[in-house]
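So you can see what is in the structure, the chains are spelled out below.
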Amino acid sequence: MEVGFVGLGGVIAPKRARVSAVSGYRRECARRPRRKVRLAESVSSDEGKVFAESSKEVVNAISDEEISEGDHLQQKGFKQWRYRVFFGLYASYVVYALTRATFTFISPTLQKQRLLSLAEIGAVASAFPMMYGGSKLISGFIADNVSPRLVLGSGMILTGLANVGLALASGFRGFGMTWALNGLVQGVGAGAVARVLTMWYTRKERGFWWAFWSTSSNFGGFLAPLVCGFLVSNFQWQAGALFPGIGAIVLGFLMIPWLRDEPEDLGYTIEHDPKGSSSNSRPAEGDEKDSYFKLLVERVLFNKTLWFLAISNCFIYFLRSGMRSWHHFYLADTQNIRVAEAAYRVSGMEIGGLLGTFSSGVFSDKVKGSRIPVMLVYLAGLAVTILFVAVFPKTTPLVDSVAISMLGFFVNGPQCLLGLVAAESVDRRIVATATGILGWISYLGAAISGYPISLFVNKMGWNAYLALLLGSTLGSALFLLPVWYLATHKR
């Protein structure tokens, strides 16, 4: 009598191809426990007994060496796929960061050639964040209902087309419309990446890989002035947007077949989280049929943790954007130095931010994924640094550079981890939606860091600026405390 394994689609003879049969069974049926068999509907009860006995005999007949070799090959293939997926995500977001900065580095030439006035350049530049915040919200819904690799690749193609359109544009309206369009499609990247990362990496290692990916934004921002500056200097201003746009289109088409949404697409399965440690674990079998609307209402809109994180992140973005926009003015006024020199000193904030982003993820993994205490430590360091700047407003250039680097270090750590904690606080099927809501509220903080700060400074001086930074630091920490309580109480 011939007996077949469910899922193999073939017949296994008692002594033929035992290794390939069982390794195939383990690969194709990875979601079922090893040695657990299921009977085909066409097999009778008597035949089922023979089937179970034959299955057990086949499995037990394999030598330990054969099992070990199969495990090793399967593990090696899984690791190779994880590196491949991560490389694709990192490279993709570097391109996203590069193509969102092209207008910044072609605009001086546009002004010089009198294609746009300074006021018009400011208006065009403001169109991007206005569209970007809303885009992150909408794209989160899309990425949770469509293949995230398709969303990520399509977004790159569209941002490439927007940059090509920027190179072909003319006049204030033309530049404004194409740059606003770029902001609209740029928001799809982060949500899609967040969903893929949470599928491929477990909680105990996710901090490292999330932080590593977060540095792609810094790396893309570092490349932007080099690439665009070279193209504009050696060709025309159009090249500064055209070639990055073409590169984004090509990479977008390549990334769609290169990436995979989750390990299950390849027959692999991983244990994401310890039981009860996070709602981010794989849903129970009975919950798989939950509608997207039900998940949105129950696990996002009524998720207290997510809203506390969003408000905390709003304070963080206010801090980060405020320091980027105003700290060089603060240095120029309080120390009577040229704005160019002040801007040079403030550039150290990006270096400190890169280190803070990466180290926060590593530290949070070292404490077994307890990320809230790590963020509170970083915020305490930020508060101490702000107080140091306030007490010692006039120091040496070296001390200034170190203090500014520390500001970047301590503010970027929580910014990185807040997005990760938000992704881990919801069901993995709606990660992109959650990060989209978080990003939308966060950019409200960035939006109010410009004009309102200028009003405070004009009326009360630069001490008001430092007071706002310190108050925002305390506000961010305050809204993290309930999240910490909810996490410990749940455990």
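I will try to describe carefully the structure that is included in this document. Quick caveat, the model's predicted, so the values are computed rather than measured.

Parameters and conventions
- Residues numbered from 1 in each chain as written.
- Predicted model: local features only at pLDDT ≥ 70, side-chain atom pairs only at ≥ 80, totals over all residues.
- Heavy atoms only, no water.
- Helix = DSSP H or I, 4+ residues; strand = E, 2+ residues; numbered from the N terminus.
- Buried < 20%, exposed > 50% of the residue type's maximum accessible area, 1.4 Å probe, protein only.
- Areas by Shrake-Rupley, 256 points an atom, 1.4 Å probe, with all protein chains shown as cover.
- Core = buried A, V, L, I, M, F, W, Y, C linked by side-chain atoms within 4.5 Å.
- Contact = heavy atoms within 4.5 Å.
- Axes fitted to C-alpha atoms, helices over the stretch in contact; angles between N-to-C directions.
- Parallel < 35°, antiparallel > 145°, perpendicular 65-115°, else oblique.
- Left-handed = near helix turned anticlockwise from the far one by under 90°.
- Salt bridge = Lys/Arg side-chain N within 4 Å of Asp/Glu carboxyl O.
- Phe/Tyr/Trp six-rings, centres within 6.5 Å; stacked < 30°, edge-to-face > 60°.
- Lys NZ or Arg CZ within 6 Å of the ring centre and 35° of its normal.
- Nonpolar A, V, L, I, M, F, W, Y, C, P; charged D, E, K, R; others polar.
- Patch = residues over 30% accessible without salt bridge, like charges linked within 9 Å, V, L, I, M, F, W, Y side chains within 5 Å.

Quick notes on the overall build of the protein chain
- Of regular secondary structure, the protein chain possesses 19 helices and zero strands.
- The buried share of the protein chain, taken over its 491 residues, is 51%.
- Element-wise, carbon and sulfur atoms account for 65% of the exposed surface of the protein chain, whose accessible area totals about 23,800 Å².

Observations concerning the nonpolar core
- Membership of the largest hydrophobic core comes to 110 residues, with the highest contact counts inside it found for Phe103, Trp200 and Tyr465.
- If one sorts the elements of this core by residue count, helix H16 (residues 397-424) sits on top with 13 residues.
- Apart from residues lying up to four places away in sequence, Tyr465 is in contact with Gly322, Met323, Trp326, His327, Tyr330, Ile453 and Val457.

Regarding the packing of helix H9 (residues 203-234) against H16
- At a minimum axis separation of 10 Å, H9 and H16 run at an interaxial angle of 135°. Regarding the angle of H9 to H16, the classification is oblique. H16 is crossed by H9, and the crossing has right-handed handedness. In this structure, H9 uses Arg203, Arg206, Gly207, Trp210, Ala211 and Ser214 to contact H16, whose residues at the interface are Cys416, Gly419, Leu420, Ala423 and Glu424.

Details of the side chain of Thr385
- Mapped onto the elements of the fold, Thr385 is located in helix H15 (residues 371-391).
- Taking relative accessible area as the criterion, Thr385 reaches 10% and is therefore assigned buried.
- In contact with Thr385, not counting residues within four places along its chain, are Ala403, Met406, Leu407 and Phe410.

Topic: the side chain of Arg320
- Residue position: Arg320 is located in helix H12 (residues 304-335).
- Apart from the residues lying within four places of it in its own chain, the contact partners of Arg320 are Val411, Asn412 and Gln415.

Considerations on the pattern of salt bridges
- Under the definition given, this model contains three salt bridges.
- With a closest N to O distance of 4.0 Å, Arg149 and Asp261 form a salt bridge. Note that Arg149 is positioned in helix H6 (residues 148-168) and Asp261 in the loop between helix H10 (239-258) and helix H11 (292-301), a separation of 112 residues in sequence.
- The exposure class assigned to Asp261 is buried, which follows from its relative accessible area of 13%.
- Arg371 is paired through a salt bridge with Asp365; the nearest N and O atoms lie 3.3 Å apart.

Re the packing of aromatic side chains
- Inspection of the entire model under this criterion finds 31 aromatic pairs.
- Centroid distance Tyr83 to Trp209: 6.3 Å. Interplanar angle 55°. Geometry classified as tilted. Pair noted here: Tyr83 is in helix H3 (residues 64-99) and Trp209 is in helix H9, with a separation of 126 residues, a long-range link.
- Here Tyr83 falls in the exposed class, since its relative accessible area comes to 53%.
- Both rings, one in Phe409 and one in Phe410, keep their centres 5.2 Å apart while their planes meet at 85°; by these two values the pair is edge-to-face. Each member of the pair, Phe409 as well as Phe410, carries the same accessibility label: buried.
- What links up through ring pairs into an aromatic cluster is the set Tyr83, Phe86, Tyr90, Tyr201, Phe208, Trp209, Phe212 and Phe358.
- If you follow Arg84 out to its NZ or CZ, it ends over the ring of Trp258, 4.3 Å from the centre.

Quick word on the packing of H16 against helix H17 (residues 431-447)
- Interhelical geometry of H16 versus H17 gives an angle of 140° and a closest axis separation of 8 Å. Put simply, H16 runs oblique to H17. Considering the relative orientation of H16 and H17, their crossing is right-handed. The residues of H17 that touch H16, namely those facing Leu418, Gly419, Ala422 and Ala423, are Val431, Ala434, Thr435 and Leu438.
- Within the contact of H16 with H17, the residues separate by chemical class into six nonpolar, two polar and no charged.

Details of the environment of Asn412
- You can see Asn412 is positioned in helix H16.
- You can call Asn412 buried: its relative accessible area is 6%.
- For the pair formed by Asn412 and Gly352, sequence separation is 60 residues and the distance between their alpha carbons is 8.3 Å.
- Filtering out sequence-adjacent residues up to four positions away, Asn412 remains in contact with Arg320, Gly353 and Thr357.

Section: a nonpolar patch on the surface
- A cluster of nonpolar side chains, Met130, Met131, Leu181 and Leu184, forms an exposed patch at the surface whose accessible area comes to about 380 Å².
- Counting only elements with at least two residues in the nonpolar patch, the list comes to helix H5 (118-145) and helix H7 (171-186).
- Within the fold, Met131 resides in helix H5.

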